Amino acid sequence: MSQQAETKQKVLITGATGLIGRSLVPLLTSQGYQVYKLQRTVSETEPYWLIDQQEIYLNSAPQPDIIIHLAGENIANARWTETVKQKITDSRIQSTQLIVDFINNSETPPSLFICASAIGFYGNSGQQPVDESSSQGDEFVSQLAAQWEQTSHKVNTNKTRVVNLRTGIVLDKQEGALAKMLPAFKMGVGGKIGQGKQIMSWIDLTDQVNAILFIMRNAELSGPVNLVSPNPVTNRNFSVILANILNRPCILPLPAFMVKLLFAEMGKALLLSSTNVRPTKLLEAGFTFQYELLEASLKHQLQRK
(Lines give C-alpha, C1' and ligand atoms only; values in the text may rest on other atoms or scores of the structure.)
Protein backbone atom coordinates (compact mmCIF):
# COMPACT_ATOMS: atom_id res chain seq x y z
CA MET A 1 0.00 0.00 0.00
CA SER A 2 1.41 3.38 -0.93
CA GLN A 3 2.00 6.05 1.69
CA GLN A 4 -0.59 8.26 -0.01
CA ALA A 5 -3.24 5.53 0.11
CA GLU A 6 -2.33 4.63 3.67
CA THR A 7 -2.70 8.16 4.98
CA LYS A 8 -6.25 8.34 3.68
CA GLN A 9 -7.34 5.46 5.89
CA LYS A 10 -10.30 6.08 8.15
CA VAL A 11 -9.76 5.37 11.85
CA LEU A 12 -12.52 4.94 14.44
CA ILE A 13 -11.22 5.31 17.99
CA THR A 14 -12.75 4.77 21.43
CA GLY A 15 -11.31 6.39 24.56
CA ALA A 16 -10.16 9.35 22.45
CA THR A 17 -10.15 11.73 25.43
CA GLY A 18 -8.18 9.41 27.72
CA LEU A 19 -4.47 9.40 28.60
CA ILE A 20 -3.38 7.72 25.36
CA GLY A 21 -6.20 8.81 23.07
CA ARG A 22 -5.71 12.55 23.50
CA SER A 23 -2.13 12.23 22.19
CA LEU A 24 -2.86 9.55 19.60
CA VAL A 25 -5.64 11.48 17.81
CA PRO A 26 -3.48 14.51 16.86
CA LEU A 27 -0.59 12.23 15.85
CA LEU A 28 -2.77 10.22 13.47
CA THR A 29 -4.37 13.37 12.11
CA SER A 30 -0.93 14.86 11.44
CA GLN A 31 -0.05 11.70 9.51
CA GLY A 32 -3.04 12.12 7.21
CA TYR A 33 -5.44 9.61 8.74
CA GLN A 34 -9.11 10.54 8.94
CA VAL A 35 -9.90 10.10 12.63
CA TYR A 36 -13.41 9.68 14.02
CA LYS A 37 -14.07 9.57 17.76
CA LEU A 38 -16.65 7.06 18.94
CA GLN A 39 -18.32 8.95 21.77
CA ARG A 40 -20.79 7.95 24.47
CA THR A 41 -23.00 11.02 23.98
CA VAL A 42 -25.94 10.53 21.62
CA SER A 43 -25.49 12.64 18.49
CA GLU A 44 -27.31 13.14 15.21
CA THR A 45 -24.08 13.64 13.27
CA GLU A 46 -21.10 12.20 15.19
CA PRO A 47 -20.50 8.46 15.68
CA TYR A 48 -21.54 7.19 19.11
CA TRP A 49 -22.15 3.93 20.94
CA LEU A 50 -24.55 2.67 23.57
CA ILE A 51 -22.63 -0.11 25.25
CA ASP A 52 -25.47 -1.30 27.49
CA GLN A 53 -27.72 -1.64 24.45
CA GLN A 54 -24.89 -3.10 22.33
CA GLU A 55 -25.37 -0.57 19.54
CA ILE A 56 -22.92 1.47 17.43
CA TYR A 57 -24.16 4.36 15.29
CA LEU A 58 -21.72 5.72 12.70
CA ASN A 59 -24.11 8.46 11.51
CA SER A 60 -22.19 10.57 9.00
CA ALA A 61 -18.88 8.81 9.67
CA PRO A 62 -17.71 6.36 6.98
CA GLN A 63 -17.05 2.66 7.50
CA PRO A 64 -13.68 2.51 9.28
CA ASP A 65 -10.55 0.92 7.85
CA ILE A 66 -9.05 0.69 11.33
CA ILE A 67 -10.65 0.49 14.79
CA ILE A 68 -8.62 1.39 17.88
CA HIS A 69 -10.30 0.50 21.15
CA LEU A 70 -8.79 2.27 24.18
CA ALA A 71 -11.86 2.74 26.39
CA GLY A 72 -12.21 1.05 29.77
CA GLU A 73 -12.92 1.78 33.43
CA ASN A 74 -9.82 3.06 35.29
CA ILE A 75 -8.59 0.20 37.48
CA ALA A 76 -6.81 2.53 39.93
CA ASN A 77 -9.75 4.75 40.89
CA ALA A 78 -11.13 2.75 43.81
CA ARG A 79 -10.55 -0.19 46.14
CA TRP A 80 -11.32 -3.46 44.42
CA THR A 81 -14.56 -4.58 45.97
CA GLU A 82 -16.33 -7.34 44.07
CA THR A 83 -18.72 -4.72 42.69
CA VAL A 84 -15.84 -2.54 41.46
CA LYS A 85 -14.05 -5.52 39.91
CA GLN A 86 -17.21 -6.50 38.06
CA LYS A 87 -17.62 -2.93 36.79
CA ILE A 88 -14.00 -2.89 35.60
CA THR A 89 -14.47 -6.22 33.84
CA ASP A 90 -17.81 -5.34 32.26
CA SER A 91 -16.49 -2.03 30.90
CA ARG A 92 -13.83 -3.90 28.96
CA ILE A 93 -15.58 -7.09 27.92
CA GLN A 94 -18.95 -5.62 26.93
CA SER A 95 -17.43 -2.79 24.92
CA THR A 96 -14.99 -5.11 23.18
CA GLN A 97 -17.74 -7.62 22.37
CA LEU A 98 -19.78 -4.79 20.86
CA ILE A 99 -16.91 -3.85 18.55
CA VAL A 100 -16.31 -7.51 17.65
CA ASP A 101 -19.99 -7.89 16.72
CA PHE A 102 -19.79 -4.70 14.67
CA ILE A 103 -16.79 -6.08 12.76
CA ASN A 104 -18.33 -9.53 12.26
CA ASN A 105 -21.57 -8.04 10.93
CA SER A 106 -19.86 -5.59 8.60
CA GLU A 107 -19.96 -6.08 4.84
CA THR A 108 -16.58 -4.35 4.65
CA PRO A 109 -14.76 -5.21 7.88
CA PRO A 110 -11.76 -3.12 8.94
CA SER A 111 -8.29 -4.31 8.02
CA LEU A 112 -7.09 -3.79 11.59
CA PHE A 113 -8.56 -3.95 15.08
CA ILE A 114 -6.26 -2.66 17.82
CA CYS A 115 -7.54 -3.43 21.31
CA ALA A 116 -6.04 -2.20 24.55
CA SER A 117 -4.71 -4.67 27.09
CA ALA A 118 -2.09 -4.49 29.84
CA ILE A 119 1.12 -6.07 31.11
CA GLY A 120 -0.98 -7.13 34.09
CA PHE A 121 -1.50 -10.22 31.90
CA TYR A 122 1.79 -11.58 33.29
CA GLY A 123 0.89 -11.01 36.93
CA ASN A 124 3.57 -10.69 39.59
CA SER A 125 6.51 -12.28 37.79
CA GLY A 126 9.19 -10.98 40.15
CA GLN A 127 12.63 -10.41 38.61
CA GLN A 128 12.09 -12.95 35.81
CA PRO A 129 11.95 -11.28 32.36
CA VAL A 130 8.75 -11.95 30.43
CA ASP A 131 7.66 -11.22 26.88
CA GLU A 132 4.79 -11.99 24.52
CA SER A 133 5.61 -15.70 24.62
CA SER A 134 5.30 -15.89 28.42
CA SER A 135 2.34 -17.43 30.22
CA GLN A 136 -0.54 -15.69 31.97
CA GLY A 137 -0.45 -14.89 35.69
CA ASP A 138 -3.20 -15.89 38.11
CA GLU A 139 -4.14 -12.52 39.67
CA PHE A 140 -7.31 -10.54 38.95
CA VAL A 141 -5.47 -8.22 36.54
CA SER A 142 -4.09 -11.25 34.69
CA GLN A 143 -7.50 -12.84 34.30
CA LEU A 144 -8.94 -9.49 33.25
CA ALA A 145 -6.34 -8.94 30.53
CA ALA A 146 -6.68 -12.52 29.28
CA GLN A 147 -10.46 -12.29 29.06
CA TRP A 148 -10.18 -8.92 27.33
CA GLU A 149 -7.83 -10.32 24.70
CA GLN A 150 -9.87 -13.49 24.21
CA THR A 151 -12.94 -11.37 23.52
CA SER A 152 -11.10 -9.33 20.88
CA HIS A 153 -10.07 -12.53 19.10
CA LYS A 154 -13.68 -13.52 18.53
CA VAL A 155 -13.41 -11.54 15.29
CA ASN A 156 -14.32 -14.20 12.74
CA THR A 157 -13.14 -12.57 9.53
CA ASN A 158 -9.67 -13.23 8.12
CA LYS A 159 -9.73 -9.73 6.64
CA THR A 160 -9.12 -8.12 10.05
CA ARG A 161 -5.74 -8.22 11.79
CA VAL A 162 -6.14 -8.12 15.59
CA VAL A 163 -3.49 -6.58 17.87
CA ASN A 164 -3.58 -6.41 21.68
CA LEU A 165 -1.64 -3.54 23.26
CA ARG A 166 -0.10 -4.92 26.46
CA THR A 167 0.75 -1.52 27.84
CA GLY A 168 2.94 -0.82 30.85
CA ILE A 169 3.05 2.29 33.06
CA VAL A 170 2.56 5.20 30.65
CA LEU A 171 4.54 8.23 31.77
CA ASP A 172 2.76 11.55 31.35
CA LYS A 173 2.97 14.46 33.76
CA GLN A 174 -0.69 15.39 33.29
CA GLU A 175 -2.36 12.04 33.93
CA GLY A 176 -1.65 8.55 35.19
CA ALA A 177 0.97 7.22 37.63
CA LEU A 178 3.57 9.96 37.17
CA ALA A 179 1.01 12.73 37.62
CA LYS A 180 -0.12 11.14 40.89
CA MET A 181 3.46 10.82 42.14
CA LEU A 182 4.64 14.34 41.30
CA PRO A 183 2.97 16.34 44.11
CA ALA A 184 4.61 14.28 46.87
CA PHE A 185 8.01 14.26 45.17
CA LYS A 186 7.89 18.00 44.50
CA MET A 187 7.24 18.55 48.21
CA GLY A 188 10.22 16.36 49.08
CA VAL A 189 8.16 13.63 50.72
CA GLY A 190 8.34 11.06 47.93
CA GLY A 191 10.09 7.73 48.22
CA LYS A 192 10.12 4.07 47.35
CA ILE A 193 7.07 1.87 47.84
CA GLY A 194 7.59 -1.13 50.06
CA GLN A 195 11.13 -2.45 49.71
CA GLY A 196 11.39 -0.80 46.31
CA LYS A 197 12.68 -3.96 44.65
CA GLN A 198 9.61 -4.44 42.47
CA ILE A 199 10.33 -3.82 38.79
CA MET A 200 8.37 -1.15 36.96
CA SER A 201 7.89 -1.64 33.22
CA TRP A 202 7.18 1.82 31.87
CA ILE A 203 6.88 3.69 28.55
CA ASP A 204 6.95 7.36 27.65
CA LEU A 205 3.63 8.62 26.27
CA THR A 206 5.39 9.75 23.09
CA ASP A 207 6.76 6.24 22.48
CA GLN A 208 3.36 4.76 23.33
CA VAL A 209 1.54 6.61 20.56
CA ASN A 210 4.43 6.25 18.11
CA ALA A 211 4.38 2.50 18.74
CA ILE A 212 0.67 2.35 17.93
CA LEU A 213 1.33 4.17 14.65
CA PHE A 214 4.18 1.73 13.97
CA ILE A 215 1.86 -1.23 14.57
CA MET A 216 -0.71 0.25 12.20
CA ARG A 217 1.92 0.37 9.45
CA ASN A 218 3.48 -3.04 10.06
CA ALA A 219 1.21 -5.85 8.94
CA GLU A 220 3.46 -8.55 10.40
CA LEU A 221 2.56 -7.51 13.93
CA SER A 222 -0.50 -9.25 15.36
CA GLY A 223 -1.74 -10.67 18.64
CA PRO A 224 -0.20 -9.37 21.88
CA VAL A 225 2.46 -6.67 21.60
CA ASN A 226 4.21 -5.34 24.71
CA LEU A 227 4.34 -1.55 24.83
CA VAL A 228 7.09 -0.89 27.36
CA SER A 229 10.59 0.58 27.31
CA PRO A 230 13.40 -1.97 26.88
CA ASN A 231 14.85 -0.63 30.13
CA PRO A 232 12.57 -1.32 33.12
CA VAL A 233 13.70 -0.11 36.54
CA THR A 234 13.10 -0.99 40.16
CA ASN A 235 10.67 1.17 42.09
CA ARG A 236 13.57 2.38 44.23
CA ASN A 237 15.56 3.51 41.19
CA PHE A 238 12.49 5.16 39.69
CA SER A 239 11.97 7.11 42.92
CA VAL A 240 15.62 8.17 43.20
CA ILE A 241 15.84 9.31 39.56
CA LEU A 242 12.61 11.31 39.81
CA ALA A 243 13.71 12.94 43.08
CA ASN A 244 17.13 13.84 41.65
CA ILE A 245 15.58 15.46 38.57
CA LEU A 246 13.35 17.54 40.86
CA ASN A 247 16.29 18.31 43.20
CA ARG A 248 14.38 16.84 46.12
CA PRO A 249 15.26 14.18 48.70
CA CYS A 250 14.01 10.62 48.42
CA ILE A 251 13.79 9.57 52.04
CA LEU A 252 10.17 8.82 52.95
CA PRO A 253 9.14 5.34 51.83
CA LEU A 254 5.57 4.11 51.77
CA PRO A 255 5.70 0.84 53.75
CA ALA A 256 4.10 -2.23 52.24
CA PHE A 257 1.72 -2.65 55.17
CA MET A 258 0.40 0.88 54.59
CA VAL A 259 -0.17 0.13 50.89
CA LYS A 260 -2.17 -2.97 51.83
CA LEU A 261 -4.07 -1.06 54.51
CA LEU A 262 -4.94 1.86 52.23
CA PHE A 263 -5.52 0.06 48.93
CA ALA A 264 -5.95 -3.63 49.79
CA GLU A 265 -5.84 -5.92 46.71
CA MET A 266 -5.47 -3.01 44.28
CA GLY A 267 -2.37 -1.73 46.07
CA LYS A 268 -0.77 -5.15 46.16
CA ALA A 269 -1.41 -5.73 42.45
CA LEU A 270 -0.53 -2.27 41.12
CA LEU A 271 2.05 -0.90 43.57
CA LEU A 272 3.85 -3.88 45.08
CA SER A 273 3.90 -6.45 42.29
CA SER A 274 6.92 -6.78 40.02
CA THR A 275 6.73 -7.27 36.26
CA ASN A 276 9.93 -7.29 34.21
CA VAL A 277 8.51 -6.98 30.69
CA ARG A 278 10.46 -6.97 27.41
CA PRO A 279 9.09 -5.38 24.19
CA THR A 280 10.38 -8.29 22.10
CA LYS A 281 7.95 -8.01 19.18
CA LEU A 282 8.44 -4.26 18.75
CA LEU A 283 12.22 -4.53 18.83
CA GLU A 284 12.31 -7.45 16.40
CA ALA A 285 10.04 -5.50 14.02
CA GLY A 286 12.49 -2.58 14.09
CA PHE A 287 10.72 -0.03 16.29
CA THR A 288 13.03 2.67 17.67
CA PHE A 289 12.24 4.11 21.09
CA GLN A 290 12.74 7.85 21.39
CA TYR A 291 12.96 7.62 25.19
CA GLU A 292 14.63 4.32 26.08
CA LEU A 293 15.99 5.46 29.43
CA LEU A 294 13.88 6.61 32.37
CA GLU A 295 15.87 9.77 33.07
CA ALA A 296 15.38 10.99 29.50
CA SER A 297 11.65 10.25 29.63
CA LEU A 298 11.12 12.00 32.96
CA LYS A 299 13.06 15.08 31.85
CA HIS A 300 11.02 15.12 28.64
CA GLN A 301 7.74 14.90 30.52
CA LEU A 302 8.62 17.50 33.14
CA GLN A 303 9.69 19.98 30.46
CA ARG A 304 6.45 19.61 28.50
CA LYS A 305 3.99 22.49 28.69
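Residues numbered from 1 in each chain as written. Predicted model: local features only at pLDDT ≥ 70, side-chain atom pairs only at ≥ 80, totals over all residues. Heavy atoms only, no water.

*Asks:* Give a detailed account of the overall build of the protein chain, specifying residues and quantitative values.
*Replies:* Within the protein chain, the secondary structure is distributed over ten helices and 14 strands. The C-alpha radius of gyration computed for the protein chain amounts to 19 Å, which stays within 12% of the reference 19 Å derived for 305 residues, consistent with globular compactness. Considered along the principal axes of its C-alpha atoms, the protein chain spans approximately 60 × 40 × 40 Å. Taken over 305 residues, the protein chain has a buried fraction of 51%. (Helix = DSSP H or I, 4+ residues; strand = E, 2+ residues; numbered from the N terminus. Rg over C-alpha atoms; globule rule 2.2 N^0.38 Å. Buried < 20%, exposed > 50% of the residue type's maximum accessible area, 1.4 Å probe, protein only.)

*Asks:* Outline the pairing of strand S6 (residues 112–118), supporting the account with residue identities and numerical values.
*Replies:* S6 sits mainly inside the fold: six of its seven residues count as buried. Note: strand S5 (residues 66–69) against S6, four bridges, orientation parallel. Paired with Ile67 across the two strands is Phe113, which belongs to S6. When S6 meets strand S8 (residues 161–167), the two strands line up parallel, connected through seven bridges. By the bridge assignment, Ala116 is partnered in S8 with Leu165. (Pairing = 2+ DSSP bridges.)

*Asks:* Quick rundown of the packing of helix H5 (residues 177–186) against helix H7 (residues 235–245)? Include the residues and the values.
*Replies:* With their axes 11 Å apart at the nearest point, H5 and H7 run at an angle of 60 degrees to one another. Overall, the two elements H5 and H7 adopt an arrangement that is oblique. Both H5 and H7 take part in a crossing whose hand is right-handed. In this structure, H5 uses Leu178, Met181, Leu182 and Phe185 to contact H7, whose residues at the interface are Phe238, Ser239, Leu242 and Ala243. Its residues assigned to classes, the contact of H5 with H7 comprises seven nonpolar, one polar and no charged. (Axes fitted to C-alpha atoms, helices over the stretch in contact; angles between N-to-C directions. Parallel < 35°, antiparallel > 145°, perpendicular 65-115°, else oblique. Left-handed = near helix turned anticlockwise from the far one by under 90°. Contact = heavy atoms within 4.5 Å. Nonpolar A, V, L, I, M, F, W, Y, C, P; charged D, E, K, R; others polar.)

*Asks:* For unusual backbone geometry, give the residues involved together with the corresponding values.
*Replies:* With a phi close to 55 degrees, Asn59 is a non-glycine residue in the positive phi region. For Asn59, a relative accessible area of 37% puts it in the partly exposed group. Even without a glycine there, the phi angle at Asn247 is positive, about 55 degrees. Inspection of the secondary structure assignment puts Asn247 in the loop between H7 and helix H8 (256–272).

*Asks:* Any details on the sheet that holds strand S2 (residues 34–37)? Residues and values, ideally.
*Replies:* Reading across from one edge, S2-S1-S5-S6-S8-S12 is the order of the six strands in this open sheet, with parallel pairing throughout. What marks the edges here is a single partner per strand, and that holds for S2 and strand S12 (223–227). Here the average twist between neighbouring strands, direction ignored, is 20 degrees. Packing against the sheet, helix H3 (residues 82–104) makes contact with strand S1 (10–14), S5 and S6, and its axis sits at approximately 175 degrees to S5. Here helix H6 (residues 205–216) sits on the sheet and contacts S1, S5, S6, S8 and S12; the angle it forms with S8, its principal contact strand, is near 160 degrees.

*Asks:* Kindly report on the packing of aromatic side chains, identifying the contributing residues and their values.
*Replies:* In total, this model carries five aromatic pairs according to the counting rule given. Geometrically, the ring pair formed by Phe121 and Tyr122 is edge-to-face, given 5.3 Å between the ring centres and 85 degrees between the ring planes. For the residue pair Phe121 and Tyr122, the accessibility class agrees, reading buried in each case. Residue placement shows Arg92 over the ring face of Trp148; its charged tip is 4.9 Å from the ring centre. Above the ring of Phe121, the side-chain terminus of Arg166 is found at 3.6 Å from the ring centroid. (Phe/Tyr/Trp six-rings, centres within 6.5 Å; stacked < 30°, edge-to-face > 60°. Lys NZ or Arg CZ within 6 Å of the ring centre and 35° of its normal.)

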